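Letter by letter, the chains look like this.
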Amino acid sequence: MFWAVAGRTQAAEGKLATSFFAAEIGLDPISAFAKNSGALVQLFEKKESITFAALRKELGLSKNNEFNLEIGNKKLKGNITACEIRSKFPAWDNLPDEKQKALVEDLLTITKKSVLKNRLTRHWQLDANTAVQLCMLEFEPGHGSLSLKAIKKLLPFLEKGQIYSDARISAGYGYEVQEIQVKDKLGAPPFLPNPIVSKGLHELRRLVNAIIAEYGKPDAIRIEMARDLEMNTTKYQNHLKQQKANTKANDEAEQKFKEQAALNPHLKLSKYPSKTDKLKYRLWQDQKNCCAYSGKTISLSELFSANVEVDHIWPYSLSLDDSYMNKVVCYVKENRNKGQRTPIDAFGGNSEQWNQITQAISRWDKSLKSKRDRFFTHNAELQQRDFISSQLNDTRYISREAQKYLKQLGCDISVSKGTTTAWLRHIWGLNDLIGETDKKERTDHRHHAIDAVVIACVDRRLYQDLVKTAQYLEKTQTGLDMRDVVIDPPWQSLRSDLETKLAEIIVAHAPQLKLNGELHEVTGAGFIECVGNVNRKNLDGTFTQVDKIIDPVVKDIVTEHLANYSNNPKQAFAEGVKVLHKDGITPIKRVRLLQSETTLAKLEKSKYGAKDKQGKVFKWLAYGNLHHVEIVKNTSTGAYSGHFVTMMEAHRRAMTGSKSAAKRGVNREAIIKTDHGAEAEFAMALHRNDLVSVEKEGRRVFYRVQKLESGDNRIVLRLHTTTTLDNKSEEIYFSINKESFEK
């Protein structure tokens, strides 16, 4: 008997799976099921989970036979709902089909326990104890993709041994072919919840429609999928190992969750763990059972409660990174304190807590190195990263959606995979066009242009030949690989033609015009007249700034204390070692340090004053990122000057255009101010990633604005082709003055 119960088609899925297995391992599906279908049906009906070993036994197969879905899984789900009902109501199997359906419907749809109990005792004639037991059942959440009506139509054909695709056609469902209305250019892309993929499709539309406007609609479009053709033996074994480890971890998480649900009824946990619950358990194990931010131990019962949650190390709103390596488990309170900040920005100002965090993560397994490294990334660094191109896990999704989206043009659309592009780049000698070795040069944005040319040359026949060759070399283990295969380029002058075009390419960068990022830094400093900016620091194993202590008495005490421990702060300020004030009683835990010598007038111009409830400034915060620089020319002297606009000032100007500002009678201001006085002629405004050209050694060289430096009144420019920020030869410092503009 097969049921669509609790939203799942457990046994139907099991039957479909066994049918598929028989076909895949080379058995005749009809004869195999004619012989074993009854036993397999009972196996899936009576067991909550079925191992592949049990399937082999039922089908009379040896241990050497392997099912196609066995990779990474050790068992399949049976009819869990029927097993749950049977455990409380042994007479379940004696009910005819229609009555079983009706009973399941009552259990699922009657939500009030007292009403359900009356229904079970009066209509179903069950004793009170059995009725209560059935009322307390909790079915596995989720739903299947097939309705009960569809399952009833499909089952007769599945029971005959047909695989699902054939059974669907036999049942009269078939596979609908959507008619495509051919268009001359791309319309608006479909709405997709993934922001990276959505932006990718909008960029694709802009590019393809520009090509159509210039050259007409293409005859063929080639798309590269970001996936390897074949895993080599080592990668394959590692993949299997990881799959098994994940399965084991999820099984263990499920078991622990159920144990805690039984031991702690006050938590009101469901019977079945969610995906998040399983994730919590795996992260908890990685973190040595501790909160990632407070270091406090999280008990197993508390782990599954509402007091603990999963957090993104890099805020998802900034990174769009939802990978396992960007997640930790922590207390809700700590997560609220962290907010939309990276750990170092959130907790780095508290040296005691930050030391505790760094020491804890240093004890994590070495396989979590990339996760540890994320703790030390600042928000400002995230904002400078190009996540649109670096989140390449989404390229598979983009490729699939792009293929569907481009079909409206009616072109011949074919797909190749990333490995073919790498092979052909090497075989055709294209790697060193922008580099010095026969390896792909990823530090130059133009490597995408080389890839595009190669992808365009891969038609279906060439791709299929490459796939067959790769499979042959892998199976025969001749010692050869794809780099030993020789394939002529589609035309002889391919390399020289491409080299010419690469020299003409100007790489476009999206200027950072948005008002995002922090308006000011989170941590600030106090101010003492005639002294300057001051801040506080804990006396701990990292303290070395004795010379900056403001209080001379405290400075002498700390200096003397350090001297007693050979100036070793780790020993002098170790746990249990006290430094006492002059009274010999009060311990010195924190000291005030001079951060910088300045005046109040300078602070008011360069920093933001945070005020208390009485309107008095109690600390000074450095402004956040710069939004742009306004460059003006003095019409009398010809001198140029730069007016650097902070993100806070740009935000203030933008808010003058809001409805609330209009109601208050505030005059609207443009974000870019062009009027700087009677003798000031506005020249230009520059944002990060704006493109500029500079005459260098008699030729025009194109750069992008990498950084704005208000302190030095200059702009850091970097070659438009470069992808990295560490090559000094690719950048120039452009001072905003008359000499620079006259060069």
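No experiment lies behind these values; they were computed from the predicted model shown. All residue numbers refer to positions counted from 1 along the written sequence of the respective chain. Totals for whole chains, interfaces and linings use all residues, but because this is a predicted model, local features are given only for residues with pLDDT of at least 70 and pairs of side-chain atoms are given and counted only at 80 or more. Side-chain measures here rest on the full set of heavy atoms in the structure, leaving out hydrogens and waters.

Trainee: Mind showing me how you'd approach the nonpolar core here?
Mentor: One recurring pattern in soluble globular proteins: nonpolar side chains tend to sit buried together. By convention a nonpolar core is built from buried Ala, Val, Leu, Ile, Met, Phe, Trp, Tyr and Cys residues, the set being connected through side-chain atoms within 4.5 Å. Note on classification: 1.4 Å probe, protein chains only; a residue is buried when its accessible area is under 20% of the maximum for its type, exposed when over 50%, partly exposed between these limits. Formed by 31 residues in total, the largest nonpolar core has its most connected members in Tyr293, Leu303 and Phe375. A run of H or I in DSSP becomes a helix once it reaches four residues, and a run of E becomes a strand once it reaches two; helices and strands are each numbered from the N terminus. Counting residues per element, the ones that place at least two in this core are helix H11 (233-263), helix H12 (275-286), helix H13 (300-303), strand E5 (327-331), helix H16 (343-347) and helix H17 (351-362). In this analysis, two residues are considered to be in contact whenever any of their non-hydrogen atoms come within 4.5 Å of each other. Ignoring any residue separated from it by four or fewer positions in sequence, one finds Phe375 in contact with Ala292, Tyr293, Ile313, Val328, Pro343, Ile344, Trp354, Ile357, Ile361 and Trp364. With 18 residues, the next largest nonpolar core counts Ile85, Leu120, Leu134 and Leu137 among its residues.

Trainee: Looking at this model, I keep getting lost on the packing of aromatic side chains. Mind explaining?
Mentor: In this analysis, rings of Phe, Tyr and Trp, with Trp reduced to its six-membered ring, are considered paired at centre separations within 6.5 Å, and the interplanar angle assigns stacked below 30 degrees, edge-to-face beyond 60, and tilted for intermediate values. Going through the model one piece at a time under the given rule, you end up with nine aromatic pairs. Centre to centre, the rings of Trp354 and Phe376 are 5.6 Å apart; their planes meet at 80 degrees, and the pair counts as edge-to-face. Here Trp354 is found in helix H17, whereas its partner Phe376 is found in the loop between helix H18 (369-374) and helix H19 (379-384), with 22 residues between them in sequence. Assessed through its relative accessible area of 12%, Trp354 is described here as buried. Each member of the aromatic cluster is reached from another via a ring pair, and the members are Tyr293, Phe347, Trp364 and Phe375. If you follow Lys371 out to its NZ or CZ, it ends over the ring of Tyr324, 4.5 Å from the centre. Should the NZ of a Lys or the CZ of an Arg lie within 6 Å of a ring centre and within 35 degrees of the ring normal, that charge is described as sitting over the ring. Its guanidinium or amino end placed over the ring of Trp314, Arg374 lies 4.6 Å from that ring's centre, counting from NZ or CZ.

Trainee: What is the right way to look at the environment of Gly677 in this model?
Mentor: Mapped onto the elements, Gly677 comes out in the loop between helix H30 (659-663) and strand E14 (680-686). Separated by 45 residues in the primary sequence, Gly677 and Val632 place their C-alpha atoms 9.9 Å from one another.

Trainee: When you look at helix H22 (residues 418-427) in this model, what are you seeing that I'm missing?
Mentor: Because each turn of an α-helix spans 3.6 residues, side chains separated by three or four positions end up pointing in the same direction. Among all positions in H22, only Thr419, Thr420, Thr421, Trp423, Leu424 and Arg425 are buried. Looking one or two residues beyond H22, the residue adopting positive phi is Gly429, at roughly 65 degrees.

Trainee: I tried to follow the packing of helix H5 (residues 97-109) against helix H6 (residues 113-123) on my own but got confused; where do I start?
Mentor: Angles shown run from 0 to 180 degrees and are taken between the N-to-C directions of axes, each axis being a line fitted to C-alpha atoms and, for helices, limited to the stretch in contact. Contact geometry for H5 and H6: axes closest at 10 Å, N-to-C directions at 160 degrees. One element, H5, and the other, H6, form an angle in the roughly antiparallel class. H5 and H6 meet at a crossing whose hand is left-handed. Residues Leu103, Asp106 and Leu107 of H5 form the contact with H6, whose own contacting residues are Leu116, Arg119 and Leu120. Note on terminology: angles under 35 degrees are roughly parallel, angles over 145 are roughly antiparallel, angles of 65 to 115 are roughly perpendicular, and the others are oblique. In this scheme the handedness of a crossing depends on how the near helix is turned from the far one: anticlockwise by less than a right angle means left-handed, clockwise means right-handed.

Trainee: Would you take a moment to explain the sheet that holds strand E16 (residues 699-709) for this structure?
Mentor: Backbone-to-backbone hydrogen bonds join strands into a sheet, with any given pair of strands oriented parallel or antiparallel. Strands are labelled as partners when DSSP assigns at least two bridges between them. Strands sit in the order E15-E16-E17-E18 across an open sheet of four strands; the sheet is antiparallel. Two strands lie at the open edges of the sheet, namely strand E15 (691-696) and strand E18 (731-735), each paired on one side alone. When strand polarity is set aside, the average angle formed by the axes of neighbouring strands in this sheet is 45 degrees. Where strand E17 (residues 714-719) lies against E18, five bridges are found, and the strand directions are antiparallel. Paired with Val716 across the two strands is Tyr733, which belongs to E18.

Trainee: How should I be thinking about the side chain of Thr722 in this particular structure?
Mentor: Summarising the element assignment, Thr722 is placed in the loop between E17 and E18. Once residues lying within four places of it in the same chain are set aside, the contact partners of Thr722 are Thr443, His445, Arg704 and Glu730.

Trainee: How should I be thinking about the state of the cysteines in this particular structure?
Mentor: Working definition: the covalent bond between the sulfur atoms of two cysteines is a disulfide. Defined by distance alone, a disulfide is two cysteine sulfur atoms within 2.5 Å. Under the definition given, this model contains zero disulfides. Cys330 forms no disulfide, and the closest cysteine sulfur to it belongs to Cys291, at a distance of 5.2 Å.

Trainee: Is there a simple way to explain the sheet that holds strand E12 (residues 626-634) in this structure?
Mentor: Reading across the sheet, the three strands line up as E13-E12-E14 and stay open at both edges, with antiparallel pairing between neighbours. Among the strands making up the open sheet, the edge pair consists of strand E13 (640-646) and E14. Going across the sheet, the axis of each strand differs from the next one's by a mean of 25 degrees, ignoring polarity. The sheet contact formed by E12 and E13 spans seven bridges and is antiparallel. Looking at E13, one finds that Ile631 is bridged to Gly642. Strand contacts of helix H29 (residues 647-655): E12 and E13, with the helix running at about 75 degrees to E13, the strand carrying the most contacts.

Trainee: How should I be thinking about the packing of helix H23 (residues 447-456) against helix H25 (residues 494-504) in this particular structure?
Mentor: Packed helix pairs are specified by the crossing angle of their axes together with the interaxial distance, meaning the distance between the axes. Two elements in contact, H23 and H25, have axes whose closest approach is 11 Å; the angle formed by their N-to-C orientations is 145 degrees. At the point where H23 passes H25, the crossing takes the right-handed sense. Residues Ala449, Ile450 and Val453 of H23 form the contact with H25, whose participating residues are Leu494, Leu498 and Leu502. In this classification, the charged set is Asp, Glu, Lys and Arg, the nonpolar set is Ala, Val, Leu, Ile, Met, Phe, Trp, Tyr, Cys and Pro, and all remaining amino acids, among them Gly, are polar. Residues that form the contact of H23 with H25 fall into these classes: six nonpolar, no polar and no charged.

Trainee: How do you make sense of helix H26 (residues 552-564) when you look at a structure like this?
Mentor: Working rule for helices: expected span equals 1.5 Å times residues minus one. Between its first and last C-alpha, H26 extends 19 Å over 13 residues, near the 18 Å set by a 1.5 Å rise per residue. For H26, the secondary structure elements touched by its buried residues are helix H27 (569-572) and strand E9 (590-596). Where H26 starts, the residue carrying a side-chain oxygen 2.9 Å from the main-chain nitrogen of Val553 turns out to be Asp551. At the C-terminal side of H26, Ser566 shows a positive phi close to 55 degrees. In protein, a polar contact requires one atom able to donate a hydrogen and another able to accept it; more generally it is a pair of N or O atoms within 3.5 Å, and residues adjacent in sequence count only if both atoms are side-chain atoms.

Trainee: Is there a simple way to explain unusual backbone geometry in this structure?
Mentor: Positive phi is not limited to glycine here, since Asn289 has a value of about 65 degrees. Turning to its location among the elements, Asn289 is positioned in the loop between H12 and H13. Despite not being glycine, Asn567 has its phi angle at roughly 55 degrees, a positive value. As for its position among the elements, Asn567 is in the loop between H26 and H27. Residue classification places Asn567 among the exposed residues on the basis of a relative accessible area of 54%.

Trainee: Would you explain a nonpolar patch on the surface in this entry?
Mentor: On the surface, Leu207, Ile211 and Tyr215 cluster together into a nonpolar patch covering about 360 Å² of accessible area. For Tyr215, the position within the fold is in helix H10 (residues 195-215). To count toward a patch, a residue needs a relative accessible area above 30% and no salt bridge. Like charges then connect within 9 Å, nonpolar side chains (Val, Leu, Ile, Met, Phe, Trp, Tyr) within 5 Å. Each accessible area value is a Shrake-Rupley result obtained with a 1.4 Å probe; residue values ignore everything except the protein chains displayed when judging cover. By convention in these notes, a salt bridge is any Lys or Arg side-chain nitrogen within 4 Å of a carboxyl oxygen on Asp or Glu.

Trainee: Can you help me understand the environment of Leu279 in this one?
Mentor: If you trace the backbone, Leu279 turns up in helix H12. A relative accessible area of 18% means that Leu279 is categorised as buried. Sequence separation of Leu279 and Ala253 is 26 residues, and the distance between their C-alpha atoms is 8.3 Å. Other than its neighbours up to four places away in sequence, Leu279 contacts Val310, Tyr324 and Lys327.

Trainee: How should the pattern of salt bridges be read in this particular structure?
Mentor: Two side chains with opposite charge may pair up if their charged atoms get near one another. This structure, assessed with the given rule, holds 22 salt bridges. For Glu98, the salt bridge goes to Lys101, with nearest N and O atoms at 3.3 Å. Of this pair, Glu98 and Lys101 both sit in helix H5, three residues apart, which is roughly one turn of the helix. Between Asp712 and Arg714 there is a salt bridge, with its nearest N and O atoms 3.7 Å apart. Of the residues examined, Arg714 reaches a relative accessible area of 22% and is grouped as partly exposed. Salt bridges sharing common partners tie together Glu630, Glu649, Arg652, Arg653 and Glu669.

Honestly, that's just the spatial picture; any functional story needs more than this.
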